[in-house]
Amino acid sequence: NETIPYGPRLADACDSTELFERGDYDGLHRRLKNKGYLWIRGVLAKEKILMARKTMLNALRKKGAISSDAKDMNHAPISDKNIEGWCVDAESGGTVGDRDPDVELWRKIGNSQALTDVYNGEGLRRFCTKLFGKSSRLLPGCTWLRAKALGELTAEHVDYYYFYKNTEIMGGNSALPSWTQGPGGESKMQKRLCAVYHQSKTGPEGTACKYCGNFQSCEVCGSAFDPESMLMCDICQGGFHLKCCTPPLSKIPDTAEWHCHDCANEPLPVYTCWIPLGNITPLDGILALQPHTQSLSGYKKPINGLLPAEYAKFLRSTKKGGRRKRKRKAMEKEEGYRQKGMKPVWHVPPRVEPGDLIIFNLKTVHAASKNISRCFRLSLDTRVVAQDISTCRVRKALGELSNSQPKGARS
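Draft legend 1. View of the packing of helix 3 (residues 46-62) against helix 4 (residues 103-110). Direction vectors running N to C along helix 3 and helix 4 enclose 165°, while the axes themselves pass 10 Å from each other. Overall, the two elements helix 3 and helix 4 adopt an arrangement that is roughly antiparallel. Of the two elements, helix 3 crosses helix 4, and the hand of that crossing is right-handed. Taking contact as the criterion, the partners of Thr-55, Met-56, Ala-59, Leu-60 and Lys-62 in helix 3 are, on helix 4, Leu-105, Trp-106 and Ile-109.

Structure, rendered in structure tokens:
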């Protein structure tokens, strides 16, 4: 297969439009939790998508990237087959690799009414509220605009690593229940967390907790000493000496967030919403997904900084026997896509159109096929937090384990 160079085993992506049209959001949520993705047709208003497409194409035309004799904005040909595509941070206007110094133009495009109506509009917000509950929230500041040029593709990866290194969308306030953000919430939260994390009665002078008088101890060795080499997990709030981490660390990581071994391998209620800005087929560079990969582990030993370590075992399990293979066979039989003894791996929509939406977990392995057409493939992707990212341990410490989800919320 030339367009998806990761193996020949392909299957049509599971179309969840019927569940959507029936209003079966419980069924959609179960499928998302099982497969790690949903493909739904007609979620967003087609006219808004086409307006966003027109705005993007006008910017590319100003760049001279589209042939001047193009008559149809739906099939505007690339002016030069050697031209590179664009990947733009919608909020800042910055491009990957500083590919384009014209930040002001792209900032204007990314924050235009036409684009924000799509990635931060009522249509997407209403869908996410129905799917995840009222506690969900869009993250418009984590939106990328993409124009894939001829010959470009996206290697298989999970989104977790990029956002772990460069943003704070999984830790900090995102990792705490919403009530802690109100007046007096911080002090109430801290007093309850003290009972879990401040177990040590002895520690370095001047580092005692102002609420309980005890010291933050390492979750592994139990010592509160050597605090300068202790990392605080941004999700569970636990402390870990560098030497006590799994695997051990020699220095403090240069990342926006730090997650301990257990939290890094836990499921995260953060999702990517991929929105095509036009008709896209596998020949144009379409999204491809690996189902059931959102629950893989090994995030502290990444493969090329893009994939969790267990992904290698996941691929080997398609050839060898064992419990994982039997489990996958059962899934395939239930879902009805096993054919002639061959196990398809990549799920690929045969075609997506304006208004369609593909939503997948931040830990779902995905890629994009090679664009072998002579037109730009336009899309955008943004993020949504389904619920507070607090771990069971934190919720228990806060007295919320039995009542951690608001009515109508889904994890």
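Structure's up, so let's keep going.
Draft legend 2. The arrangement of the pattern of salt bridges in detail. All told, the structure shown has twelve salt bridges when counted by the stated rule. Between Arg-22 and Asp-24 there is a salt bridge whose closest N-O contact spans 3.6 Å. With a relative accessible area of 22%, Asp-24 lands in the partly exposed category. For Asp-381, the salt bridge is made with Arg-146, and the minimal N-O distance between the two is 2.5 Å. Pair noted here: Asp-381 is in strand 13 (residues 377-385) and Arg-146 is in strand 4 (residues 137-148), with a separation of 235 residues, a long-range link. On the accessibility criterion, Asp-381 (3% relative accessible area) is buried. Put simply, Arg-146, Asp-159, Asp-381 and Arg-383 are held in one network by salt bridges that share partners.

Draft legend 3. Spotlight on the pairing of strand 8 (residues 270-276). By the criterion of burial, strand 8 is predominantly enclosed, with seven of the seven residues buried. Along strand 8, one buried face is formed by Val-270, Thr-272, Trp-274 and Pro-276 and the opposite face, lined by Tyr-271, Cys-273 and Ile-275, is buried too. Bridging between strand 8 and strand 13 involves seven bridges; their strand directions are antiparallel. By the bridge assignment, Trp-274 is partnered in strand 13 with Asp-381. As paired strands, strand 8 and strand 11 (residues 357-361) are joined by four bridges and run antiparallel to one another. Each bridged residue has a counterpart across the sheet, and for Cys-273 the counterpart in strand 11 is Ile-359.

Draft legend 4. Representation of the packing of aromatic side chains. Summed over all chains, the structure comprises 14 aromatic pairs. Ring geometry for Tyr-162 versus Phe-163: centroids 5.1 Å apart, planes at 90°, classification edge-to-face. For Tyr-162, a relative accessible area of 38% corresponds to the partly exposed category. Residue classification places Phe-163 among the buried positions, given a relative accessible area of 3%. The rings of Tyr-160, Tyr-161, Tyr-164 and Tyr-299 are connected pair by pair, giving a single aromatic cluster. Residue placement shows Lys-363 over the ring face of Tyr-160; its charged tip is 5.1 Å from the ring centre. Lys-363 extends its terminal NZ or CZ atom over the ring of Tyr-299, reaching a point 4.3 Å from the ring centre.

The rules behind the values
Residues numbered from 1 in each chain as written. Predicted model: local features only at pLDDT ≥ 70, side-chain atom pairs only at ≥ 80, totals over all residues. Heavy atoms only, no water. Axes fitted to C-alpha atoms, helices over the stretch in contact; angles between N-to-C directions. Helix = DSSP H or I, 4+ residues; strand = E, 2+ residues; numbered from the N terminus. Parallel < 35°, antiparallel > 145°, perpendicular 65-115°, else oblique. Left-handed = near helix turned anticlockwise from the far one by under 90°. Contact = heavy atoms within 4.5 Å. Salt bridge = Lys/Arg side-chain N within 4 Å of Asp/Glu carboxyl O. Buried < 20%, exposed > 50% of the residue type's maximum accessible area, 1.4 Å probe, protein only. Pairing = 2+ DSSP bridges. Phe/Tyr/Trp six-rings, centres within 6.5 Å; stacked < 30°, edge-to-face > 60°. Lys NZ or Arg CZ within 6 Å of the ring centre and 35° of its normal.

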